[in-house]
Amino acid sequence: MAQQTNRKTFLKNAVVAGAGLLVGENLIKAEPTKKKKPNSVAVNKPIVLSTWDFGLEANVAAWEILSKKGRALDAVEAGVKVPEADPTERSVGYGGRPDRDGRVTLDACIMDELANIGSVACLEHIKHPISVARAVMEKTPHVMLVGDGALSFALSQGFVKENLLVPESEKEWKQWLIKSDYKPEANIENHDTIGMIALDEMGNLSGACTTSGMAFKMHGRVGDSPIIGAGLYVDNEVGAATATGQGEEVIRIVGCHLVVELMRMGYTPYDACKEAVERVVKLMERRNKDPKLIQVGFIALNKQGMHGAYCVQNGFTYAKYDSNGNKIQAADYKIYVPRKK
Ligand code: ASP
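So, here is what we can say about the structure in this document. Worth saying up front: this structure is predicted, and the values here are computed from it rather than measured.

**Examining the pairing of strand β8 (residues 205–211)**
Where burial is concerned, most of β8 is hidden: seven out of the seven residues are buried. Where burial is concerned, the two faces of β8 agree: the one with Leu 205, Gly 207, Cys 209 and Thr 211 and the one with Ser 206, Ala 208 and Thr 210 are both buried. Where strand β7 (residues 193–199) lies against β8, seven bridges are found, and the strand directions are antiparallel. Paired with Gly 195 across the bridge in β8 is Cys 209. From the end of β7 to the start of β8, which pair antiparallel, there are five residues, and Gly 203 there has a positive phi angle of about 85°.

Below you can see the structure in the form of structure tokens.
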């Protein structure tokens, strides 16, 4: 018992001493613990951000939901479904360019404020892969389904099997077959992705990302877009980010998770996107690859509704819809590459 009291006394003294910091002989008094001030930064919400010019129309569908105090999750799904359904958007959903075997294979993922995630990769014949990804999230014990398994699941959920190869894409593919020359080419519209991130009236973040990937890719190739952490990441305490461009380079740095973690460390969304791009470029240079030959762009949103974007080379645009309206903005870039007219 006496021993116990001594131990208690020792612990009590240790706690008191712990209130200061011993440096050599000197005891530096610690600051009294201050009560945390309530966050005084005004929150800009709701807000939705999406990649490329087609983000403008997609944002309108998302805003319909956000402006009525709807969930960010519903908003991002509804938003990205717009280019998915548009046959003239040749890099997403219906109308997307096929792989080198002439097959349209789609990738998508979705993430909500509770870190619920769902994803599909190499999915054929379904116009809205984002909704299949959401069904994976909500109706299965898994987070990712691919290929035939994803298709069977989609059909079991009532999705309809369709031909997604539009005549224009088929023509381009046949043209491509003549030379069968596969190399990544930035900004020539043979690949793009709609990534969308939103903060709703309740202060919750969600994101969605969907693409047909690189045109004329090898059959079975999967890019960053359906990979949580690479093409999309959401942390409701911190922020959200999504990516577009050469997926292989985004996966290499686990791009969107990196952007969110940088924001957690205090980076602004702009600085976080810039740092991620710097890393893409640095790793390419280390491997003697020319970053001028590719594009990668990130967009990010933090919990206060501040946003930012950055890309490897000029040409990447994104759309922002908040109380100031719906606008296209050109992202800042690391490398200037003159375009041929
Ligand atoms: N990130 C997509 C992919 O690599 C393509 C793109 O966004 O341009 O599949």
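Past the structure itself, the notes keep going.
**Section: the sheet that holds strand β4 (residues 106–111)**
Spatially, eight strands are ordered β6-β5-β4-β8-β7-β3-β13-β14 in an open sheet, and the strand pairing comes out mixed. Each having just a single partner strand, β6 (144–146) and β14 (325–330) make up the two edges of the open sheet. Across this sheet, the average inter-strand angle for adjacent strands is 10°, counted without regard to direction. With respect to the sheet, helix α5 (residues 147–156) is in contact with β5 (117–123) and β6, its orientation differing from that of β6 by roughly 105°.

**A few points about the packing of helix α4 (residues 129–139) against α5**
Here α4 crosses α5 at 85°, and the two axes come no closer than 10 Å. Classified by the interaxial angle, the pair formed by α4 and α5 is roughly perpendicular. Only Ala 150, Phe 153 and Ala 154 of α5 make contact with α4, whose side of the interface consists of Val 132, Ala 135 and Val 136. In terms of residue class, the contact of α4 with α5 is made up of six nonpolar, no polar and no charged.

**Considerations on the environment of Asp 271**
If you trace the backbone, Asp 271 turns up in helix α9 (residues 269–286). C-alpha separation for the pair Asp 271 and Ala 300, spaced 29 residues apart in sequence, amounts to 9.8 Å.

So, how was this worked out
Residues numbered from 1 in each chain as written. Predicted model: local features only at pLDDT ≥ 70, side-chain atom pairs only at ≥ 80, totals over all residues. Heavy atoms only, no water. Buried < 20%, exposed > 50% of the residue type's maximum accessible area, 1.4 Å probe, protein only. Helix = DSSP H or I, 4+ residues; strand = E, 2+ residues; numbered from the N terminus. Pairing = 2+ DSSP bridges. Axes fitted to C-alpha atoms, helices over the stretch in contact; angles between N-to-C directions. Contact = heavy atoms within 4.5 Å. Parallel < 35°, antiparallel > 145°, perpendicular 65-115°, else oblique. Nonpolar A, V, L, I, M, F, W, Y, C, P; charged D, E, K, R; others polar.

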